[in-house]
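Coordinate inspection notes
Spelled out from the first residue to the last, the chains are:
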Amino acid sequence: MVAEADGARIVVTGGAGFLGSWLCERLVGEGATVVCVDSLVTGSRENVASLEAHPRFTVVRADVCDGIPVDGHVDMVFHLASVASPVHYLRLPLETLRTGSVGTTHALDLAARTGARFLLGSTSEVYGDPLEHPQHESYWGNVNPIGPRSVYDEAKRFAEASTAAYRRARGTDTTIARIFNTYGPRMALADGRVVPAFVQQALAGEPLTVAGDGSQTRSLCWVGDTVDGLVRLAASGEAGPVNIGGDVEITVLDLARRVIQITRSSSTIEHVPLPQDDPQVRRPDLTQAEGLLGWRPRTPLDDGLTRTIEWMAARGRPERVPA
Ligand code: UDP
């Protein structure tokens, strides 16, 4: 395990994605040597542009499903590689299943072979459309195993099962972070997730597309806070799973209103069909994160949204969300 990033050699799969790129920056900033492994399917070199010239940072373009071409000593593996937006995993269902299963096995093999500590970037989606609220780590979830979201949910559940089994059967030093909705700069502008979708629409003066009646809730976490939770979990000896997520629950309709207010947009709200199996509520029980890691999210939603809106406003209009 790594108690400190300083001097450690760390592999981050999915390191050129939204969350991964923030994590790489944080780890390099703390003195680690970071090998970012990314297929660049939804990640991009632009996300890690600030690190490209850094002597302790390398990008290896590879799909984790084909193996992880990293030699030598490794202290820590953060396994974040996967598409994460519903729009993307509904478009890439078979690839998503393979990444969560075959790709995770390769990442675990790398940790087992090198003796590295392993952190799985899991998800609140393992709770499905939860019947317990808020969600404590002891809750087993309510997932439709053959519904459209199952390609992501079940892949991550398989990844959790694999992580737990490597720990038991091989003695690999593993941990699991269940990451809830995270937002901030570098979210792909066209990835269809609620924050970039609403911000883009508000900035363009278009109607905000609220799914269903908008009464479903999410608990959004600023990306810097999420990364801090992941780093603390990696540095702890904890096996997890540990929830990492926002502590303020908001309805999607209220989020749309907040975005309109902060952007001072003249946009209206348009209700669109609710996607199948869309979770009705979501909020992490953070007792474990607080007790074991001393972690709580710190950034108020309005501050984080303002920073995200400023970043997105400076980027202009993205290409359309793929159908
Ligand atoms: N959503 C919405 N309008 C959009 C995009 C998403 O109302 O343009 C809703 C979506 O149906 C869900 C919530 O916002 O209830 C969060 O969706 P997101 O895709 O960000 O992530 P999820 O939490 O569903 O994985």
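It is worth spelling out the site of the ligand at this point. The ligand sits among 18 residues. The nearest are Thr209, Ala211, Arg218, Asp278 and Arg282. Take valine 194: an N or O atom from its main chain is 2.8 Å from an oxygen atom of the ligand. In this structure, an oxygen atom belonging to the ligand sits 2.7 Å away from a main-chain N or O atom of alanine 211. For the ligand, the accessible surface in isolation is 520 Å², of which the surrounding protein chains cover 90%. Looking at the shell around the ligand, the elements that each hand over two or more residues are α5 (194-204) and β8 (208-211). Split by residue class, the shell around the ligand holds eight nonpolar, four polar and six charged.

It is worth spelling out the environment of aspartate 191 at this point. Here aspartate 191 lies in the loop between β7 (182-183) and α5. Of the residues examined, aspartate 191 reaches a relative accessible area of 2% and is grouped as buried. Taking the C-alpha atoms as reference, aspartate 191 lies 18 Å from isoleucine 179; in sequence the two are twelve residues apart. For aspartate 191, the residues in contact, after removing those within four places along its chain, are Ser85, Val87, His88 and Pro196. Within the structure, the side chain of aspartate 191 is placed 2.9 Å from the side chain of arginine 193, a separation counted as a polar contact.

Before going further, it helps to spend a moment on the side chain of aspartate 285. When you line up the elements, aspartate 285 lands in the loop between β13 (269-272) and α8 (287-293). For the buried residue aspartate 285, which engages in no salt bridge, the nearest side chain bearing the opposite charge is arginine 296, 7.6 Å off. For aspartate 285, the side chain forms a polar contact with the side chain of threonine 287, separated by 2.5 Å. Setting aside residues up to four positions removed in sequence, aspartate 285 forms contacts with Pro134, Gln135, His136, Glu137 and Asn243.

Conventions and cut-offs
Residues numbered from 1 in each chain as written. Predicted model: local features only at pLDDT ≥ 70, side-chain atom pairs only at ≥ 80, totals over all residues. Heavy atoms only, no water. Near = heavy atom within 4 Å. Polar contact = N/O pair within 3.5 Å; in protein donor to acceptor, adjacent residues only side chain to side chain. Areas by Shrake-Rupley, 256 points an atom, 1.4 Å probe, with all protein chains shown as cover. Helix = DSSP H or I, 4+ residues; strand = E, 2+ residues; numbered from the N terminus. Nonpolar A, V, L, I, M, F, W, Y, C, P; charged D, E, K, R; others polar. Buried < 20%, exposed > 50% of the residue type's maximum accessible area, 1.4 Å probe, protein only. Contact = heavy atoms within 4.5 Å. Lys, Arg positive; Asp, Glu negative; His and termini not counted. Salt bridge = Lys/Arg side-chain N within 4 Å of Asp/Glu carboxyl O.

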